[in-house]
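Tertiary structure, described
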Amino acid sequence: MGANLKEVRTRIKSVMNTQQITKAMKMVSAAKLRRAQQAIQQMRPYAKKLNAILSDIVTSLDKSVEIPQAVEREVNKVLIVLVTSSRGLCGAFNSYLIKDARTLIQEKYNTQYEAGNVSMMYIGKKGDDFYRRRFNKLNKITEHVELFTNLSFDNTARVSQSILDAYENGEYDAVEVIYSEFKNAAVQYNKTERYLPIAKIEPEEDGDKQTRADFIFEPSMEQLLHEMVPSILRTQFHSYLLDTHASEHGARMTAMDKATENADELLKELRINYNKARQEAITRELTEIVSGAAALEG
């Protein structure tokens, strides 16, 4: 029984140490989340409005005006940008993003994959770790795995510009981004979004009439679009990463909070077991003493 008591005491100490770690990680994630949440909340309205303007422009332009990033081609070569975290201990956050990438390949781009024409760019180590030994026909791009170590606009803009250049040069016919949209610490939504070519807005119908935006371009339409479209797309790409960054810390904070609660429940059970075992040991010792005294009196 002594050995059993020692084992329970050891388990209680181990769980308490683990609980201290999960509490500390929750506090660290909460601090990082505040900064990440502030960054995406400041960026999101700006990025969404720019994206809406861009889609409206592409929809409303005359067919004689061509925007390289909006040119639609037969989809033979595909780039999938998978944005995950570089660290674990954030619940199923990365697993769901990785699963979405796998589903996208199997259900939408399986033909291109079998032909060896699907490339996957990893931002965050977890996506790279999973696909390193899987999907052997994937063309894996790993140069930007460590991008989250410095999530400045200049760094993300270089990555997005390389994607824009590759699309314009015909290296890819479609670019999709898989990321996590942040809502709050407990809720994040996985998104698969077409990055290139730029999506057009379906015109709203009012009877036989269709709404169409009427833009006035100054200086010239070509010059303005040449500068504005890539800038909007770089901003949009940056918002994908800020969203995922905030989502990661929210998921980790929630996971560590849940782990701390689970440790509390486990400690309660272990302490009950410890008290039961201790009471049994005391009762047994008292019984042995009484039995020994009775034997001596007899």
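In this text the structure is predicted, and so the values were computed from the model without any measurement. (Residues numbered from 1 in each chain as written. Predicted model: local features only at pLDDT ≥ 70, side-chain atom pairs only at ≥ 80, totals over all residues. Heavy atoms only, no water.)

**Focus on the side chain of T84**
Position of T84 relative to the elements: it lies in the loop between β1 (78-83) and α2 (93-107). The residues contacting T84, other than those within four sequence positions of it, are N94, L97, I98, I123, G124, K125, K126, G127 and F148. (Helix = DSSP H or I, 4+ residues; strand = E, 2+ residues; numbered from the N terminus. Contact = heavy atoms within 4.5 Å.)

**Concerning the sheet that holds strand β5 (residues 187-196)**
If you walk across this open sheet you meet the five strands as β3-β2-β1-β4-β5, and the pairing is mixed. The open sheet has two free edges, formed respectively by β3 (139-141) and β5, since each of these has just one partner strand. Adjacent strand axes in the sheet meet at a mean angle of 25° when their direction is disregarded. When strand β2 (residues 118-123) meets β3, the two strands line up parallel, connected through three bridges. Opposite M120, over in β3, you have K140 as the bridge partner. Running over the sheet, α2 touches β1, β2, β4 (174-184) and β5 and is turned about 150° from β4. Contacting β1, β2, β4 and β5, helix α5 (residues 153-168) crosses the sheet at an angle of about 40° to β5. (Pairing = 2+ DSSP bridges. Axes fitted to C-alpha atoms, helices over the stretch in contact; angles between N-to-C directions.)

**Considering the environment of I98**
As for its position among the elements, I98 is in helix α2. In this structure, I98 is in contact with L82, T84, K126, G127, F130 and Y131, ignoring residues within four places of it in sequence.

**A word on the pattern of salt bridges**
One pass over the full model with this rule turns up twelve salt bridges. A salt bridge links R73 to D173, with the nearest nitrogen and oxygen atoms 3.1 Å apart. Remark: D173 occurs in the loop between α5 and β4 and R73 occurs in the loop between α1 (2-60) and β1; sequence separation between them is 100 residues. Taking the shortest distance from any N to any O, the salt bridge between E114 and K137 comes out at 2.7 Å. Of the two residues, E114 is situated in helix α3 (residues 110-114) and K137 in the loop between α4 (125-131) and β3; the sequence distance between them amounts to 23 residues. Here K137 falls in the partly exposed class, since its relative accessible area comes to 39%. Taken together, the shared-partner salt bridges in this structure form one network comprising D128, D129 and R132. (Salt bridge = Lys/Arg side-chain N within 4 Å of Asp/Glu carboxyl O. Buried < 20%, exposed > 50% of the residue type's maximum accessible area, 1.4 Å probe, protein only.)

**Structural notes on the pairing of β4**
Buried residues dominate β4, accounting for nine of its eleven residues. Of the strand pairs in this sheet, β1 and β4 are connected by five bridges, and their pairing is parallel. Along β4, the bridge assignment pairs V78 with A174. Bridging between β4 and β5 involves nine bridges; their strand directions are antiparallel. Each residue of the ladder has a partner; that of V175, found in β5, is L196. In sequence, β4 turns back onto β5 through a hairpin of two residues.

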